[in-house]
Amino acid sequence: MPAHPTAAGGGPGWANLGMDIVSVKRVRRLLDDHGEGFFERMLDPGELADCRTSGGLDLLSLCGRIAAKEAAFKTLRVRGRFLPWRDIVVRRSDGGWPLVELRRGAADMAAQSGITDITVSISHDVDYAVAVAAPILGDPSGPRP
């Protein structure tokens, strides 16, 4: 075992976890200052629909999606790249848990890292939303939950 952890990780069986926390207060301020259009640059229409209630956007759901995208991006451990917000899509499954879909640039980054999929867990409370993401390495033709 190395005396110091490596910066990028890697090697057989290695997986980089990603985690992020988002402040509801900060997202509320962005929504108040810039409106829903601000979040259309970060989330696709389906993601926004998953966050919508009869009263408008649900802040906790919105914060959870943002945290999940950040956490998923962190699993890729790419240097010199910005988070491709609309290339990492977090949707609600029929069962209610979040599913991650990697598109375009995010899919390319994942393939370069040997990642076939990313699983994510989201939790939120009054003031914060958190997400933890784990990459799935290996055969993309295997079963998906």
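Since we're looking at a predicted model, the values are computed, not measured.

Enquirer: Go over the packing of helix α1 (residues 24–34) against helix α3 (residues 59–76) with me, naming the residues and quoting the values.
Expert: Look at α1 against α3: their axes get within 10 Å of each other, and the N-to-C directions meet at 105°. Taken together, the axes of α1 and α3 are roughly perpendicular relative to one another. Between α1 and α3, the contacting residues are Val24, Val27, Arg28 and Leu31 on the first element and Leu59, Leu60, Leu62, Cys63 and Ile66 on the second. Class assignment of the residues belonging to the contact of α1 with α3 gives a composition of eight nonpolar, no polar and one charged.

Enquirer: Give a detailed account of the side chain of Asp20, specifying residues and quantitative values.
Expert: Inspection of the secondary structure puts Asp20 in strand β1 (residues 18–23). Judged by relative accessible area, Asp20 falls into the buried class, the value being 14%. Within the local environment of Asp20, its side chain forms a polar contact with the side chain of Lys74, the two groups lying 3.0 Å apart. For Asp20, the residues in contact, after removing those within four places along its chain, are Ala67, Glu70, Ala71, Lys74, Ala129, Val130 and Ala131.

Enquirer: Tell me what's going on with the UniProt feature "binding site: Mg(2+)" (unreviewed entry) in the protein, and back it up with residues and numbers.
Expert: Taking the numbering used here, the UniProt-annotated feature "binding site: Mg(2+)" (unreviewed entry) corresponds to Asp20 and Glu70. The greatest C-alpha distance among the residues just named is 6.1 Å, despite their covering 51 residues of sequence, which places them together in space. For the largest pocket, the lining residues drawn from the annotated set are Asp20 and Glu70. The residue Glu70 is located in helix α3 in this model. Under the relative-accessibility criterion, Glu70 is labelled partly exposed at 23%.

Enquirer: Run through helix α4 (residues 104–112), naming residues and quoting values.
Expert: Every buried residue belonging to α4 is among Gly105, Ala106, Met109 and Ala110, and all of these are buried. All buried residues of α4 fall inside an arc of 135° around its axis, so they share one side. Across α4 from its buried face, at more than 90 degrees, point the exposed residues Arg104, Ala111 and Gln112. Buried positions along α4 lie against α3, β4 (88–92), β5 (98–102) and β6 (115–124). Downstream of α4 by one or two residues, Gly114 has phi in the positive range, about 80°.

Enquirer: Describe the packing of aromatic side chains, naming the residues involved and giving the relevant values.
Expert: Inspection of the entire model under this criterion finds one aromatic pair. Taking 5.2 Å as the distance between ring centres and 80° as the angle between the ring planes, the aromatic pair formed by Phe38 and Phe39 counts as edge-to-face.

The rules behind these values
Residues numbered from 1 in each chain as written. Predicted model: local features only at pLDDT ≥ 70, side-chain atom pairs only at ≥ 80, totals over all residues. Heavy atoms only, no water. Axes fitted to C-alpha atoms, helices over the stretch in contact; angles between N-to-C directions. Helix = DSSP H or I, 4+ residues; strand = E, 2+ residues; numbered from the N terminus. Parallel < 35°, antiparallel > 145°, perpendicular 65-115°, else oblique. Contact = heavy atoms within 4.5 Å. Nonpolar A, V, L, I, M, F, W, Y, C, P; charged D, E, K, R; others polar. Buried < 20%, exposed > 50% of the residue type's maximum accessible area, 1.4 Å probe, protein only. Polar contact = N/O pair within 3.5 Å; in protein donor to acceptor, adjacent residues only side chain to side chain. UniProt positions renumbered as here; feature names shortened; annotations may be inferred. 1 Å grid on protein atoms, 1.4 Å probe; cavity = no way out; pocket = protein on both sides within 12 Å on 5 of 7 lines; lining within 4 Å. Arc of directions from axis to C-beta. Phe/Tyr/Trp six-rings, centres within 6.5 Å; stacked < 30°, edge-to-face > 60°.

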